Amino acid sequence: MSEVTADRKIPGISFFCPAYHDALNLPLVIKKADRILSELCDDYEMIVINDGSPDSTGYVAEELSRRYHKLKVVHHVRNLGYAEALKTGFQTAARFDYILFTDGDNQYDIEYFKAMA
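In this text the structure is predicted, and so the values were computed from the model without any measurement.

**Things to note about the overall build of the protein**
Helices and strands together make up the secondary structure of the protein, namely 3 helices and 4 strands. Taken over the C-alpha trace, the protein has a radius of gyration of 14 Å; the compact-globule value for 117 residues is 13 Å, and the two agree within 12%. With the C-alpha coordinates aligned to their principal axes, the bounding extent of the protein is approximately 45 × 25 × 25 Å. Sequence-distant contacts, at least 24 apart, represent 78% of the contacts inside the protein between residues at least 6 apart. On the protein, roughly 6500 Å² of surface is accessible, and the fraction owed to carbon and sulfur atoms is 53%. For the protein, the distance from the average position of its 13 positive side-chain charges to the average position of its 18 negative side-chain charges is 3 Å.

As structure tokens, then:
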């Protein structure tokens, strides 16, 4: 596994995660993503795509955006499905050449992002 060093940092990364019914897991994903992205690159953005969640996912995402200044939230008014959430994510995450994404339910270990650096 490669280790990222200060002289090998990626200039910038856009990160997004589709979220549906993920109010409990989203804080864990965003906290970890913020830490990992700050290690991997000089600048980054984080985006949550709230896909019309019926629970408090949208509210939690907005609260997280107040805590993490690099986080923005996009809301689908109603659930459009995973493919549309991914499409919105890729369209929104256009700031940097590199785009990383994972689901908002914390089922994947985003520590693996480091291996791609």
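Next comes the rest of the account.
**Considering the sheet that holds strand 4 (residues 98–101)**
Across the sheet, which stays open at both edges, the 4 strands sit in the order 3-2-1-4 with parallel pairing between neighbours. Two strands close off the open sheet at either side, each with one partner strand: strand 3 (71–76) and strand 4. Strand-to-strand twist across the sheet, computed as the mean angle between neighbouring axes with direction ignored, equals 20 degrees. Across 6 bridges, strand 2 (residues 41–51) lies against strand 3 in parallel orientation. Residue pairing in the sheet places Asp51 in a bridge with His76 of strand 3.

**Overview of the packing of aromatic side chains**
As enumerated under the stated definition, the model contains 4 aromatic pairs in all. Here the aromatic rings of Phe16 and Phe90 are separated by 5.0 Å at their centres, their planes lie at 75 degrees, and the arrangement is edge-to-face. Pair noted here: Phe16 is in strand 1 (residues 10–19) and Phe90 is in helix 3 (residues 82–92), with a separation of 74 residues, a long-range link. Look at Phe90 and you get partly exposed, because its relative accessible area is 41%. Plain terms: the ring middles of Phe90 and Phe101 are 5.4 Å apart, the flat faces sit at 75 degrees to each other, and that makes the pair edge-to-face. A residue pair is termed long-range when its members are at least 10 positions apart, and Phe90 in helix 3 and Phe101 in strand 4 qualify at 11 residues. On the basis of relative accessibility, which here comes to 34%, the residue Phe101 falls in the partly exposed class. Site record: aromatic cluster; members linked through ring pairs are Phe16, Phe90 and Phe101. Sitting above the plane of the Tyr44 ring, Lys70 keeps its charged end 4.9 Å from the centroid.

Rules behind the numbers
Residues numbered from 1 in each chain as written. Predicted model: local features only at pLDDT ≥ 70, side-chain atom pairs only at ≥ 80, totals over all residues. Heavy atoms only, no water. Helix = DSSP H or I, 4+ residues; strand = E, 2+ residues; numbered from the N terminus. Rg over C-alpha atoms; globule rule 2.2 N^0.38 Å. Contact = heavy atoms within 4.5 Å. Areas by Shrake-Rupley, 256 points an atom, 1.4 Å probe, with all protein chains shown as cover. Lys, Arg positive; Asp, Glu negative; His and termini not counted. Charge placed at Lys NZ, Arg CZ, Asp CG, Glu CD. Pairing = 2+ DSSP bridges. Axes fitted to C-alpha atoms, helices over the stretch in contact; angles between N-to-C directions. Phe/Tyr/Trp six-rings, centres within 6.5 Å; stacked < 30°, edge-to-face > 60°. Buried < 20%, exposed > 50% of the residue type's maximum accessible area, 1.4 Å probe, protein only. Lys NZ or Arg CZ within 6 Å of the ring centre and 35° of its normal.

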